Amino acid sequence: TESLFSKQVVKGITPDFSFCVFPASDITAEVAGYADVAKQIIDLAVFGAAQNRSYRRLADFTDTIGNRVSGSQNLELAIKYMFNALMQDGLDVHLEPVKVPHWVRGKESAEMIAPRAKSLAILGLGSSVGTPPEGIEAEVLVVQSFEELKRRSSEAMGRIVVFNQPFVSYGETVAYRAFGASEAAKVGAVATLIRSITPFSINSPHTGWQDYQDGVRRIPTACITVEDAELMWRMAQRGQKIVVRLTMEAKTLPDADSFNTVAEIRGWQHPEQVVLLSGHLDSWDVGQGAMDDGGGAMISWEALSLIKDLGLRPRRTLRTVLWTAEEQGGVGAQQYYNLHKVNMANFDLVMESDVGTFTPVALQFTGSDAARKVMEEVVKLLAPINTTKLEAHGEGTDISPWMQAGVPGASLHVADSRYFWFHHSEGDTMTVQDPGDMNLCSALWAVVSYVVADLQDMLPR
């Protein structure tokens, strides 16, 4: 090593120790050396000139643009807005073109005709087909599960199937939104109305993407409120005949042009190596998309601003990507992965914030045991904001292709008990957001990304 070292120094080349495995004490000391810079970042974000900046940026953005669903003109305006804002912030910015789905809701309504007249609040589900212009009027079959639907399949022909499944968790219960239409169509249903995937409701329907199965008749599908699903269930239990009329203009247009928005602080030593931070810029076509995922997009910008404001420049490149068409199944991110996976060895860490920017609780991480040991040291730097916990399983639709390929991934764990109250509904507005929480999320995001990007070595795979 000695002779190699002296030779390289003579040539003016920085020595490459990537073949060395540093003992744990060395990485502990190296990371601990960032305590002062971490404190500077935290102070700037939480108490300093940048206090509440990410919140103000989010308010300006969402109040100006509103919601921005894949394929819409609003999403195009949102991308232009962010491109200009990032440029004005002095970052290296470019756009990467992608093709995205273009589903349009159109006018929609539902009313119960029997046993009494009542209008039903609905939101059609993404990719749903529409009804005929005169709508669909049919008797209702109410079920609580896919099993019950199978058991009562002989009753489903020609009916509108209402799913009144209880909310267990989003991950489990969302199957009804995703697959309810095709499961009901298999047994002859003409449409489906699905209880919104939420633990809490004030008569608010929640939309989302749904997936038709190949070779199964496509029937219209919408979400109804928890209250109306339970009402129809009680009526059915009493043996009352329920009739509903559903009208939906929903249609799918040809794929649209869109962009992933990319902003960078280039690394001074290894610019080709990347720590990626991200959130998605698209939203559903209801509310403001402030929580899902305006907040995640803004803290991913704010992290770069904080680092730039302090005159810091890491060894590796910090790259913020604001994904397009996440809500349709990570469409923009998948195309980004396909384009950039050739450079997979240079992706050090991929990060995503997409479960709200409420009070941060921990960092979630997926990676090798050796990488976990490094990250356990990195989160200790967050002691001033009391978020020193590293949890298992980084998550995020947009970063999952990278993690599945073995790239370390991290996500923000926040106090998200209220997240699904507002998720994909008219309630996702700036009113849900708290500036103090966003300061803390921004500080965490900036410290973690900067330190990982500046360490001597990339995270071990």
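What comes next is a walk through the structure. None of the values given here were measured: they were computed from a predicted structure. As a convention, each chain's residues are numbered from 1 in the sequence order in which they are written. Confidence filtering applies because this is a predicted model: local features only for residues at pLDDT of at least 70, side-chain atom pairs given and counted only at 80 or more, and all residues used for totals across whole chains, interfaces and linings. Side-chain calculation: all heavy atoms of the structure are included, whereas hydrogens and water are not.

## Observations concerning the packing of aromatic side chains
Centres within 6.5 Å are what make two rings of Phe, Tyr or Trp a pair, Trp counting through its six-membered ring; a difference in plane orientation under 30 degrees is then read as stacked, over 60 as edge-to-face, and the rest as tilted. According to the stated counting rule, one finds 15 aromatic pairs in the structure shown. With centroids separated by 6.4 Å and ring planes inclined at 75°, the aromatic side chains of Tyr34 and Tyr450 adopt a geometry described as edge-to-face. Of the two residues, Tyr34 sits in the loop between helix 2 (24-32) and helix 3 (35-46) while Tyr450 sits in helix 14 (residues 435-454), which places them 416 residues apart along the sequence. A relative accessible area of 11% places Tyr34 in the buried class. Only protein chains enter the accessibility calculation, which uses a 1.4 Å probe; a residue is then buried when its area is under 20% of its type maximum, exposed when over 50%, and partly exposed in between. Judged by relative accessible area, Tyr450 falls into the buried class, the value being 6%. Each residue in the set Trp323, Tyr336, Tyr337, Phe347 and Trp402 is aromatic and connected to the rest through ring pairs, giving one cluster. It is Arg57 that lies over the ring of Trp301; its NZ or CZ is 3.7 Å from the centre. Runs of E in the DSSP output that reach at least two residues are strands. Runs of H or I that reach at least four are helices, and both are numbered from the N terminus. As a reminder, the over-ring test applies to NZ of lysine and CZ of arginine, requiring each to be within 6 Å of the ring centre and within 35 degrees of the ring normal.

## Let's talk about the environment of Tyr419
Relative to the elements of secondary structure, Tyr419 occurs in helix 13 (residues 419-422). Residues Tyr419 and Gly124, spaced 295 residues apart in sequence, show a C-alpha to C-alpha distance of 21 Å. Every residue pair with non-hydrogen atoms within 4.5 Å of one another is taken to be in contact. With near-sequence residues (within four places) excluded, Tyr419 lies in contact with Met291, Asp292, Asp354, Val355, Gly356 and Phe358.

## Some points on empty space enclosed by the protein
A cavity, in this analysis, means grid points on a 1 Å lattice covering only the protein atoms where a 1.4 Å probe fits yet has no way out; a pocket is instead an open set bounded by protein on both sides within 12 Å along at least five of seven lines, and a residue lines either one if it has an atom within 4 Å of a point. Grid points are joined across faces, edges and corners, and a volume is the space filled by probe spheres set on the points. In total, this model carries 1 cavity of 30 Å³ or more according to the counting rule given. If you go around the largest cavity, the residues you meet are Ser283, Trp284, Val286, Gly289, Asp292, Glu327, His424, Ser425 and Asp428. Amino acid classes used here: Ala, Val, Leu, Ile, Met, Phe, Trp, Tyr, Cys and Pro are nonpolar; Asp, Glu, Lys and Arg are charged; the rest, including Gly, are polar. Per-class residue counts for the lining of the largest cavity are 2 nonpolar, 4 polar and 3 charged.

## What to know about the pattern of salt bridges
Each reported salt bridge corresponds to a side-chain nitrogen of Lys or Arg within 4 Å of a carboxyl oxygen of Asp or Glu. Inspection of every chain in the model, using the stated rule, returns 23 salt bridges. Notably, a salt bridge pairs Arg105 with Glu108, separated by 3.0 Å at the nearest N-O pair. Glu108 matches Arg105 in its accessibility class, with the two residues each being buried. Residue Glu264 is joined to Arg266 by a salt bridge in which the shortest nitrogen-to-oxygen separation is 3.9 Å. Classification of Glu264 by relative accessible area gives buried; the value is 8%. When salt bridges with common partners are traced through the structure, they connect Arg53, Arg57, Asp89, Glu302, Lys308 and Asp309 into a single cluster.

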